[in-house]
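Listed here are the chains, written in short residue letters.
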Amino acid sequence: MRRSLLLLLGLLVLHHSCSFEFVIDGEWEDEEPGVHDHLQRHKRATLTSEEEEDFQAIRGDDIKVKSYRVESRITSRFAHTTIRSSVVNSNARAQSIGFSVQIPKRAFISNFTMNVNGITFVGSVKEKTVARRLYAQATARNKAAAIIRANSQDLETFNTEVHVPPGSNIEFELHYQEMMERRLGSYEHLLYLQPGRLVPQFQVDVYIYEPKGISKVEAHTSLGERFEELIQLTVTKDKAHAVFKPNLQQQRKCENCTDSAIDGVFSVAYDVTRDSNAGELQVSDLYFVHFFAPENLSPLPKNIVFVIDVSGSMWGVKMKQTVEAMTAILDDLKDEDRFSIIDFNHNVRCWREDLVPAHSLQVADAKRYIQNIKPNGGTNINEALLRAAQMLVRASTQGFVDSSSVSMIILVSDGDPTVGEIKLSKIQKNVKRVMTEEISLFSLGIGFDVDYDFLERIAMENRGTAQRIYANQDAAKQIREFYSQVSSPLLKRVSIKFPEDSVTEVTQSNFDKFFSGSELVVAGKVQLTESDTLTSITSASAAGLDLSLQTDADLTELDLELAKQQHSFTGFARQMWAYLTIKQLIRERSLVTTVGKKRRITKQITELALQHSFVTPLTALLVESEDATERLLFDSSRDPRQGCCAGGQAPSGPVPAVNVVYALPPPWVQGPTPTPASQAKPVVEKMTLPSTVTVVDSDPHFIVHLPRSNMDVCFNIDSKPGHILNLVSDAGTGVVVNGQLISSKQPHKDKLSTYFGIVSVYYQPEGVGVTVSTDRIAVTDGRNNHSFTWGATAEIAQDGVTVSIVKNSHATVTINNSIRVMVLLHRVWRKHPVNVDFLGIYIPNDNRYSPLVHGLIGQFSREPQVNVYDVHEGPDPLKKEATMEVKGQVLLVTRGWQKDYRRDTKRGNSVSCWFVHNSAKGFIDGHYTDYIVPHLSSFLQTA
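Just so it is clear, the structure is predicted and the values come from calculations on it, not from any experiment.

**Regarding the sheet that holds strand β10 (residues 155-164)**
An order of β3-β6-β10 is seen for the three strands of this open sheet, with the pairing classed as antiparallel. Because the sheet does not close on itself, it has two edges, and the strands there are β3 (58-59) and β10. Direction of pairing for β3 relative to strand β6 (residues 95-104): antiparallel, over a ladder of two bridges. Within β6, the residue paired with I58 across the bridge is F99.

**Looking at the confidence of the model for the protein**
When pLDDT is averaged along the protein, the result is 85, and 86% of the positions lie at 70 or above. Confidence drops under pLDDT 50 across residues 1-53; counting only partners more than four residues distant or on other chains, this segment forms 132 contacts. Contacts of residues 637-678 to residues separated by more than four positions or lying in other chains number 135 contacts, the stretch itself having pLDDT below 50.

**Observations regarding the state of the cysteines**
Taken as a whole and assessed by the stated rule, the structure comprises two disulfides. Between the sulfur atoms of C254 and its disulfide mate C257 the distance is 1.7 Å. Between C254 and C257 the sulfur-sulfur dihedral comes to about 95 degrees; the bridge is accordingly right-handed. Residue classification places C254 among the partly exposed residues on the basis of a relative accessible area of 37%. Of the residues examined, C257 reaches a relative accessible area of 19% and is grouped as buried. Across a sulfur-sulfur distance of 1.8 Å, C714 and C913 are joined as a disulfide pair. Taking the sign of the S-S torsion, -120 degrees for the link of C714 and C913, the bridge is left-handed.

**A closer look at the packing of aromatic side chains**
Two descriptors summarise a pair of aromatic rings, namely the distance from one centre to the other and the angle between the planes of the rings. This model, assessed by the stated rule, comprises 24 aromatic pairs. For the pair F244 and F266, a centre-to-centre distance of 5.6 Å together with 20 degrees between the ring planes defines the contact as stacked. Placement of F244 in strand β17 (residues 239-244) and of F266 in strand β18 (residues 264-272) is noted, with a sequence separation of 22 residues between them. Neither residue differs from the other here; F244 and F266 are each classed as buried. Consider the rings of F306 and Y483, whose centres lie 6.4 Å apart with planes at 50 degrees: the pair is tilted. Here the residue F306 occupies a position in strand β21 (residues 302-309), and Y483 occupies one in helix α10 (residues 475-486), the gap between them amounting to 177 residues.

**Some points on helix α7 (residues 381-397)**
The first and last C-alpha atoms of α7 sit 25 Å apart over 17 residues, in line with the 24 Å expected at 1.5 Å per residue. For α7, every residue scored as buried is listed here: I381, N382, A384, L385, L386, A388, A389, M391, L392 and A395. Phi turns positive one or two residues past the end of α7, at G399, with a value near 75 degrees.

**Remarks on the sheet that holds strand β19 (residues 280-284)**
Where strands meet in a sheet, backbone hydrogen bonds hold them as pairs that are either parallel or antiparallel. The four strands are arranged β19-β20-β31-β29 in an open sheet whose pairing can be described as antiparallel. Whereas interior strands pair on both sides, the edge strands pair on one side only; in this sheet they are β19 and β29 (503-504). Across six bridges, the pairing between strand β20 (residues 287-292) and strand β31 (residues 520-526) is antiparallel. Counterpart to F292 in the pairing with β31 is L520. Against the sheet, helix α12 (residues 572-591) makes contact with β19, β20 and β31, and its axis sits at roughly 70 degrees relative to β20, the strand it touches most.

**Structural notes on the packing of α7 against helix α8 (residues 424-434)**
At a minimum axis distance of 9 Å, the contact between α7 and α8 shows a crossing angle of 5 degrees. What the angle tells us is that α7 and α8 run roughly parallel. Between α7, through N382, L385, L386, A389 and V393, and α8, the contact on the second element is made entirely by I427, N430, V431 and V434. Looking at the contact of α7 with α8, its residues break down into seven nonpolar, two polar and no charged.

**Notes on the pattern of salt bridges**
If you walk through the whole model with that rule in mind, you get 37 salt bridges. E461 serves as the salt-bridge partner of K432, at 3.8 Å between the closest nitrogen and oxygen. Taken together, the positions of K432 in helix α8 and E461 in the loop between α9 (452-460) and β27 (466-469) put the pair 29 residues apart, joining distant regions of the chain. Residue E873 is joined to K880 by a salt bridge in which the shortest nitrogen-to-oxygen separation is 2.8 Å. Salt bridges here are not isolated pairs; linked through shared partners, they connect R77, R182, E210, D271, R274, E280, E295 and E519.

Calculation notes
Residues numbered from 1 in each chain as written. Predicted model: local features only at pLDDT ≥ 70, side-chain atom pairs only at ≥ 80, totals over all residues. Heavy atoms only, no water. Pairing = 2+ DSSP bridges. Helix = DSSP H or I, 4+ residues; strand = E, 2+ residues; numbered from the N terminus. pLDDT = per-residue confidence, 0-100. Contact = heavy atoms within 4.5 Å. Disulfide = S-S within 2.5 Å. Buried < 20%, exposed > 50% of the residue type's maximum accessible area, 1.4 Å probe, protein only. Phe/Tyr/Trp six-rings, centres within 6.5 Å; stacked < 30°, edge-to-face > 60°. Expected span 1.5 Å × (residues − 1). Axes fitted to C-alpha atoms, helices over the stretch in contact; angles between N-to-C directions. Parallel < 35°, antiparallel > 145°, perpendicular 65-115°, else oblique. Nonpolar A, V, L, I, M, F, W, Y, C, P; charged D, E, K, R; others polar. Salt bridge = Lys/Arg side-chain N within 4 Å of Asp/Glu carboxyl O.

Take a look at the structure:
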């Protein structure tokens, strides 16, 4: 087993000069893991006495900390955090002064500088072997500074110690960067504040800039209620600033105490404004980032097998909390979900041999089964996972599960395999062999007796993720929180593509599943072309329907805006691309089995880390004095395979969020190969309706086109707001089109205008309804409800119904490629005193209805015989009058003009027509009130 470096290394001053001698105690960890046998896997690394002590950011006796400042700049979910501290050795003797910072493990340290009595040490990221060699050279001359390393828990500790003479001034400055991960609907930025003493100038600033806007933001501390009142939070549409600045008196534990009460976490949680389900595409400095977090979609049904370790080591609190968590999880299952439970020790037992619906009786029986488990025996992980996979595969092949459902295994274990197959690599191969691409495996490792590295590898290899559960905390709560992140799958088979030759070096762009409250992120480099915009096209499968969504971004707009922002992180897109790429390569590296592939990936990681100044497991931060004679080395270690904490003790602070973005099998990074244009064609083509159609627009004005007569006839319907008018009712095809009226804000010239505010197209055979309003487009099949805004171009297909949305323009509903209805969006000035947003309806005359069709528009699919004669001057010299014979009626009609807004949404194109007065009396069958229906999905009642 590899041995970790010792955290604390001495730093001694010689003759009170500015030359330093540094004594090193510890070993470098090996680049490649050694061979571990079964007995060695049970040896757990232990904490040093240093790590067991209370954490303090500044350590030493009689130290005056002049200032401690933390500043985070978060731009588009990417954070750059800087921690600065200024310290004076007030002791009468030379002493060691320590500077430590706890940072999230997902962060990359990017720089560290230190100034000791005028000697400045500046950091630079180097390849690990190069940094070690330079450090060793300085050590040989007794001119090296120290080794600084991080522990390998969910929190890393950056730790350095400098020995200085009395009166010395020391300034520390640490930089790290991280991507905010969306979890359960928000991003949370955590700062660990533990200065260990009172600080005259103590201040925390968190600046957030989100170009699309901030929908919510909160700032809190874990320090107690009295500190909550000290947080100042300023929020505008797209910016937020949180300030925490307690003075000396406010920092004290009590009124006369000399100890600081600042020992805890400062957190800022926020979410962004989303105006469409197509996601948010941002381009900065020729790097792009696509954020995808759709909302208002119905969850996919789930097929879950819970695999629970009930070996002897689970006895006591672990089992009690697992049962508590499982009880709550079972209550959360939906009726459409199917599940079973497998518990294992040296044997494997199934509560049910096949998946069963999550009905109340089944759930109650499962709870009783869980509560009666008595842990004992060994651990047969291999057989338990194989049985779970076989159960899911069998349910799928026998057609017992919904074709749109999501299948998953959730493994809860606290130990290594001890029975059956115990070779970890063999278990991995066995599980991978039986798992289909539809199944994801999620691993929860309880405590530190478990080989978490193995659980993580087996989960990643099977489209899942792993999470460590800390046994000395509320394990039941941790398990429930993890489950809540995967309990609502919204999409599967998500693919984000770009037009050919528009992008290169794209990060992972295919995702197995998307879960509610999380976010998928894709980044890459933009290729310069003649276009000044970049387009992304996302395809996915939702509950009952297939989606294709399109969004675009201007190549220069964001950079111009960032230049105006005082506290933005202007390099966010470039750094986020590097961050994502390195993280994905590290995961891929952990799974490859050949030396050649591992070396190739190692080279990629190293090159990227050097270019972007990230300290990774393969690079180190060398901190040198200006003359390069004094050196410090920050060398980040990888996770020990066997955990690192004695007695099951977890690190302080909250458990960091698990990332619930689950990928298809590796490799994740596809390299510079662009997506073929054929796979990234526009989601929706431009309007394809013929030049002559039947139109309902404005107040509402009907323009009925009669093809055989080559004539347009117009009429108005003077109904009331709230009334639902039937436009097409076809019992033969099962299609109905209805529109609900809304009114203007107030009368204009004593007239209250009415418009269509909602249009519904309902396809009865499949129970699919499409409701178009001025705010959004909703699609439902009676079980699932999906909602889309006008903010993105999209195509949605379900059971013969296709909805094509063109961003902020129009939506076309097509049924079985035979009936089309286009709904046009009219936007008005939001503060207009009279007008409101409304909809126009455009229906082609070649729709293939059945002979049973009727409605205000549908009746004219059987074109009546129309005869217009006796054209003469009317009261208005610009409008001629005539006589119309139609349906046995003789009507006085007036020549006029109405508007077709398809090609010019602002001014419209004028259509010449004969206008029928009195709400089309005589031209339509019966009276217009005969076409008022009770519901948006109602058919006309036939006599």
